[in-house]
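Here's the letter readout for the chains.
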Amino acid sequence: MRELILAIESSCDETSVAVIEDGSQILSNIVASQIKSHQRFGGVVPEVASRHHVEQITLCINEALEEAGVEIAELSAVAVTQGPGLVGSLLIGISAAKAFAWAHGLPLIPVNHMAGHIYAARFVQPLVFPLLALLVSGGHTELVLMEEDGSFKIIGETRDDAAGEAYDKVGRVLGLPYPSGKEIDRLAHIGKDSYAFPRAMIHEDNFDFSFSGLKSAFINLVHNAEQREETLSTEDLAASFQASVVDVLVAKTVRACQKYPVKQLIVAGGVAANQGLREALEKVVSEELPEVDLLIPPLRLCGDNAAMIGAAAHVELAKGHLANMTLNAVPSLAFSRK
Ligand code: KG4
Ligand code: ZN
């Protein structure tokens, strides 16, 4: 009999519901984005996000089942993001998942959002262990070592801002709409790396990152130019910023792959959509790490979505990691550090 998981994701500003078959096939993946409601505030407003989730969640569940052509009676389990994320947003998904599971007598599977980002790669290819995942999103920048399904150890992480957060903050200084990663990526391909921004911690013998110094250097350069009434090239600023972020991410990731004999390198999270990062990693992996298979999910699976939660839930279900009706949101849920 086929395993069908109804997966729910509501950790930030996307309400998403998917139906996943055997952890590897997407029958439906509905994503209702709220970005337009948050743009005028320059970031996600938690209270506004929760209200949108409440309005969308039932519609998304119905749409996901309909698009998949699946009856409720055919479902094997319900999965939901438990954390990390905004507590008010997480609680909407969790309440909906609990109600659905209880009403239909289905097992309930709690899923770590970051594990979901990694398992988005499962839709490209089966995972082979040990593997390393570079997780780069709006809230996280981590190098995660996986020795087997469902086991996650952080070997390096950011000490301050996440990569996506840095993109969004410098985007605001450039007057770009939130979130600005995609637009900076586009501008970077037109401009030149001419402003010599710092590459923090690039030579340090660890796998940690820091992006706040780069962000300050960027903001100071722009403000000083404004005071002197000089005009800087937006494209060159974007290219210089992106080159600094990509250089550090790539250097540390390559070194981690050299230290740990991994078979696959997965790049995941919203910033995995970055063309500059994808191109740089493709080049360096083919030239310097021929034994490593690079797996990057397609663009539509890099941002937040419920399909990835369904893929991670398949592993949790096999391990018997289920929750009961006391399941609660864990806003700071994190992998442990190796
Ligand atoms: O994973 P995600 O959708 O949400 C979180 O869990 O945080 O990541 C969103 C982040 C935002 O900071 C956004 O600016 C960034 O991903 N992002 C990008 C690109 N597309 C989205 N950053 C750089 N280049 C992109 N092409
Ligand atoms: Zn995310």
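Residues numbered from 1 in each chain as written. Chains lettered and ligands numbered in written order. Predicted model: local features only at pLDDT ≥ 70, side-chain atom pairs only at ≥ 80, totals over all residues. Heavy atoms only, no water.

Novice: Looking at this structure, I do not really get the packing of helix α2 (residues 46-68) against helix α3 (residues 87-104). What am I missing?
Specialist: In a pair of packed helices, the angle between the axes and the distance between the axes together describe the arrangement. As a packed pair, α2 and α3 sit with axes 9 Å apart at the nearest point and diverge in direction by 35°. In the crossing of α2 with α3, the sense of the turn from one axis to the other is right-handed. Of the residues in α3, those touching α2 at A49, S50, H53, V54, I57, I61 and L65 are G88, S89, I92, G93, A96 and F100. Split into classes, the residues belonging to the contact of α2 with α3 amount to eight nonpolar, five polar and no charged. (Axes fitted to C-alpha atoms, helices over the stretch in contact; angles between N-to-C directions. Helix = DSSP H or I, 4+ residues; strand = E, 2+ residues; numbered from the N terminus. Left-handed = near helix turned anticlockwise from the far one by under 90°. Contact = heavy atoms within 4.5 Å. Nonpolar A, V, L, I, M, F, W, Y, C, P; charged D, E, K, R; others polar.)

Novice: Any chance you could explain unusual backbone geometry here in plain terms?
Specialist: If a residue is not glycine, its phi is most likely negative; likewise, a peptide bond is most likely trans. Put simply, F129 and P130 share a cis peptide bond, and its omega is -5°. Position of P130 among the secondary structure elements: in the loop between α4 (113-119) and β6 (131-136). Omega for the peptide link from Y178 to P179 comes to -10°, which places this bond in the cis form. Among the secondary structure elements, P179 is positioned in the loop between α5 (163-173) and α6 (181-188). With a phi close to 50°, D22 is a non-glycine residue in the positive phi region. Of the residues examined, D22 reaches a relative accessible area of 35% and is grouped as partly exposed. With a phi angle near 60°, M201 is a residue other than glycine that sits in the positive phi range. (Buried < 20%, exposed > 50% of the residue type's maximum accessible area, 1.4 Å probe, protein only.)

Novice: Sorry, what's going on with the coordination of the zinc ion (ligand 2) here?
Specialist: In a perfect tetrahedron of four donors around a metal, the angles come out at 109.5 degrees. In a perfect octahedron of six, they are 90 or 180 degrees. With distances of 2.0 to 2.2 Å, the protein atoms coordinating the zinc ion (ligand 2) are H113 (NE2), H117 (NE2) and D304 (OD). Given a relative accessible area of 18%, D304 falls into the buried group. (Donors = N, O, S within 2.8 Å, 3.2 Å for Na, K, Ca; no water.)

Novice: I'm lost on the packing of aromatic side chains in this one. Help?
Specialist: Tallying each qualifying case throughout the model produces eight aromatic pairs. Between F152 and F335, the ring centres sit 4.5 Å apart and the planes meet at 10°, which makes this aromatic pair stacked. Here the residue F152 occupies a position in the loop between β7 (141-146) and β8 (153-157), and F335 occupies one in the loop between α10 (306-318) and β11 (336-337), the gap between them amounting to 183 residues. Here F152 and F335 have matching classes, each one buried. Between F207 and Y260, the ring centres sit 6.3 Å apart and the planes meet at 55°, which makes this aromatic pair tilted. Residue F207 is found in the loop between α6 and α7 (212-227), and its partner Y260 is found in the loop between α8 (234-259) and β9 (264-268); the two are separated by 53 residues along the sequence. (Phe/Tyr/Trp six-rings, centres within 6.5 Å; stacked < 30°, edge-to-face > 60°.)

Novice: I keep staring at the sheet that holds β9 and nothing clicks. Help me out?
Specialist: Note on sheets: strands pair through backbone hydrogen bonds, and any given pair is parallel or antiparallel. Here we have six strands laid out as an open sheet, ordered β10-β9-β6-β7-β8-β11, and mixed in their pairing. Each end of this open sheet is capped by a strand with a single partner; those strands are β10 (293-295) and β11. In this structure, β6 lies alongside β9, joined through five bridges in parallel fashion. Residue pairing for β9: A133 is matched across the bridge by I266. The strands touched by α8 are β6, β7, β8 and β9; relative to β6, the strand with the most contacts, the crossing angle is about 160°. The strands that helix α9 (residues 275-288) touches are β6, β9 and β10; relative to β9, the one it contacts most, it runs at about 175°. (Pairing = 2+ DSSP bridges.)

Novice: In this structure, what is going on with the site of ligand 1? I would like to understand it.
Specialist: Not every one of the 20 residues close to ligand 1 is listed here, only the nearest: H117, G138, D168, G270 and N274. Contact distances for ligand 1 include 3.0 Å between an oxygen atom and a backbone N or O atom of G270. Protein chains bury 85% of the 560 Å² of accessible surface belonging to ligand 1 in isolation. The class makeup of the residues in the shell around ligand 1 is four nonpolar, twelve polar and four charged. When residues of the shell around ligand 1 are sorted by domain, at least three fall in each of domain 1 (4-118 + 301-337) and domain 2 (126-296). (Near = heavy atom within 4 Å. Polar contact = N/O pair within 3.5 Å; in protein donor to acceptor, adjacent residues only side chain to side chain. Areas by Shrake-Rupley, 256 points an atom, 1.4 Å probe, with all protein chains shown as cover. Domains from an automatic or database assignment.)

Novice: Hey, could you run me through the nonpolar core in this one?
Specialist: A general feature of soluble globular proteins is that nonpolar side chains tend to end up buried together. Ranked by internal contacts, the top residues of the largest apolar core, which has 49 residues, are L132 and F241. Elements supplying a minimum of two residues to this core: β6, β7, α5, α6, α7, α8, β9 and α9. If you tally residues by element for this core, the top one is α8, at twelve residues. Apart from residues no more than four positions distant in its own chain, L132 is found in contact with L143, V144, L145, I155, T253, A256, C257, V262, Q264, L265 and I266. Counting residues in each nonpolar core, the second largest holds 37 residues, with I5, A77, L131 and F152 among its members. (Core = buried A, V, L, I, M, F, W, Y, C linked by side-chain atoms within 4.5 Å.)

Novice: Can you help me understand the side chain of S28 in this one?
Specialist: Summarising the element assignment, S28 is placed in strand β3 (residues 25-33). At a separation of 2.7 Å, a polar atom in the side chain of S28 contacts the main-chain carbonyl oxygen of A64. Beyond its immediate stretch of four places on either side in the chain, S28 contacts V17, A18, V19, A64, E67 and A68.

Novice: Explain the sheet that holds strand β1 (residues 4-9) to me, please; I cannot follow it from the model alone.
Specialist: The five strands are arranged β3-β2-β1-β4-β5 in an open sheet whose pairing can be described as mixed. Each edge of the sheet is formed by a strand with only one pairing partner; in this case those strands are β3 and β5 (108-112). Going across the sheet, the axis of each strand differs from the next one's by a mean of 20°, ignoring polarity. Note: β1 against strand β2 (residues 14-21), six bridges, orientation antiparallel. Counterpart to I5 in the pairing with β2 is I20.

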